[in-house]
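# Descriptive structure summary
For reference, the chains in residue letters:
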Amino acid sequence: MLPIERQQRIIDELNLNGRVIVAELVTLCQVSQETIRRDLTQLEKRGLLQRSHGGAVPAKRQAANIQGNTRGVNEYELSFRQRMNEHVDAKMVIAKRALDFISPGDCILLDSSTTCWYLARQLPDIELTVLTNSIRIVQTLAARGSIRTICLGGEYSDRYEDFHGVVAEQPLREFQINKIFISCSSLGNDGYLREGNENNAHLKQQMLLAAERKHLLLDASKFLRPSFARICHYRDVDFLITDQLKDKELEQELAWNGVNIIDCSQRNNSMQLIKN
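A brief report on the enclosed structure follows.

What counts and how
- Residues numbered from 1 in each chain as written.
- Predicted model: local features only at pLDDT ≥ 70, side-chain atom pairs only at ≥ 80, totals over all residues.
- Heavy atoms only, no water.
- Pairing = 2+ DSSP bridges.
- Helix = DSSP H or I, 4+ residues; strand = E, 2+ residues; numbered from the N terminus.
- Contact = heavy atoms within 4.5 Å.
- Axes fitted to C-alpha atoms, helices over the stretch in contact; angles between N-to-C directions.
- Salt bridge = Lys/Arg side-chain N within 4 Å of Asp/Glu carboxyl O.
- Buried < 20%, exposed > 50% of the residue type's maximum accessible area, 1.4 Å probe, protein only.
- Expected span 1.5 Å × (residues − 1).
- Phe/Tyr/Trp six-rings, centres within 6.5 Å; stacked < 30°, edge-to-face > 60°.

Moving on, we get to the sheet that holds strand β10 (residues 186-187). What the 3 strands build is an open sheet, ordered β10-β11-β13; its pairing is antiparallel. The open sheet has two edge strands, β10 and β13 (229-233), and neither has a second partner. Bridge count between strand β11 (residues 192-195) and β13: 4 bridges; the pairing is antiparallel. Bridging from a neighbouring strand, Glu195 pairs with Ala229 of β13. Here helix α11 (residues 198-210) sits on the sheet and contacts β11 and β13; the angle it forms with β13, its principal contact strand, is near 20°.

As structure tokens, then:
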């Protein structure tokens, strides 16, 4: 069992039982007590649990969601207006690096994440076709004379300032999309990209299926933290562009699974395997 899988098992047991015991985890995961204690220490640093004598209990921030349902998770998810002012410097750095993967003549797909909005703001006025479900991105690109902007319609969400549902998914089958740029709420301990909203997660699944080259834009705050709805496994994306990736274990697992890592804190990144 890989460390990332073992730590996800610990979180699952914590969510199920409201606490975990070191001795029980040793038997469950077939590893030593020292290994389990290291896992608990790492999970505590990420704010996913709180260590106690002989085990661990939920962290205060997570405790309410363990007793709740999907409504509780969705209520915790921040609105677009709130997220657009979080980790601004990191999102700007990621967006600027993502420009290197866009060429004149491309047909690109941008999701409704705030990171993709920062990317749209930096797009040069070159010949591009941009598909998006984000009303903010449509407004941002409205003044670009050379960029053709196509909005994926559907049911509008004022909270996320985007469109979703089957009406938004239908046009994806009609276009040949070269590249997608997408973000998400988290890359979880189980290796899956996740969203706090099931409607957004389903639309992003369809977006990824429609695009040839897949770019994941993820700032450091989103690594190895829980979120609600599964999108896909990280092995289903081609590039991860991030402001920094400090977890060497995760970095190796991503590389082993064929993900090209673009760490903006290391400009000459040896983990990049493909150019554009």
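Evaluated as defined, the whole model comprises 10 salt bridges. The salt bridge involving Arg81 is made with Glu161; its shortest N-O contact spans 3.4 Å. Taken together, the residues Arg81 in helix α6 (residues 80-83) and Glu161 in the loop between β7 (155-157) and β8 (162-164) connect sequence positions 80 residues apart. When its relative accessible area of 40% is taken as the criterion, Arg81 is described as partly exposed. For Glu251, the salt bridge goes to Lys248, with nearest N and O atoms at 3.6 Å.

Moving on: the environment of Ile137. When you line up the elements, Ile137 lands in helix α9 (residues 135-141). Along the primary structure Ile137 and Glu161 are separated by 24 residues, whereas in three dimensions their C-alpha atoms are 9.7 Å apart. Other than its neighbours up to four places away in sequence, Ile137 contacts Leu110, Asp111, Cys116, Trp117, Ala120 and Thr132.

Moving on, we come to helix α1 (residues 3-17). In this model, α1 (15 residues) spans 21 Å end to end at C-alpha, consistent with the 21 Å of a helix rising 1.5 Å per residue. The complete set of buried residues in α1 reads Pro3, Ile4, Arg6, Gln7, Gln8, Ile10, Ile11 and Leu14. One or two positions beyond α1, positive phi appears at Gly18, with a value near 85°.

Enumeration over the complete set of coordinates arrives at 4 aromatic pairs. Plain terms: the ring middles of Phe80 and Trp117 are 5.9 Å apart, the flat faces sit at 70° to each other, and that makes the pair edge-to-face. Of this pair, Phe80 sits in helix α6 while Trp117 sits in helix α8 (residues 114-122), and the two are 37 residues apart along the sequence. Overall, Phe80 belongs to the buried group, its relative accessible area being 0%. Residue Trp117 is classed as buried on the basis of its relative accessible area, which comes to 9%.

The analysis is restricted to geometry; functional conclusions fall outside its scope.
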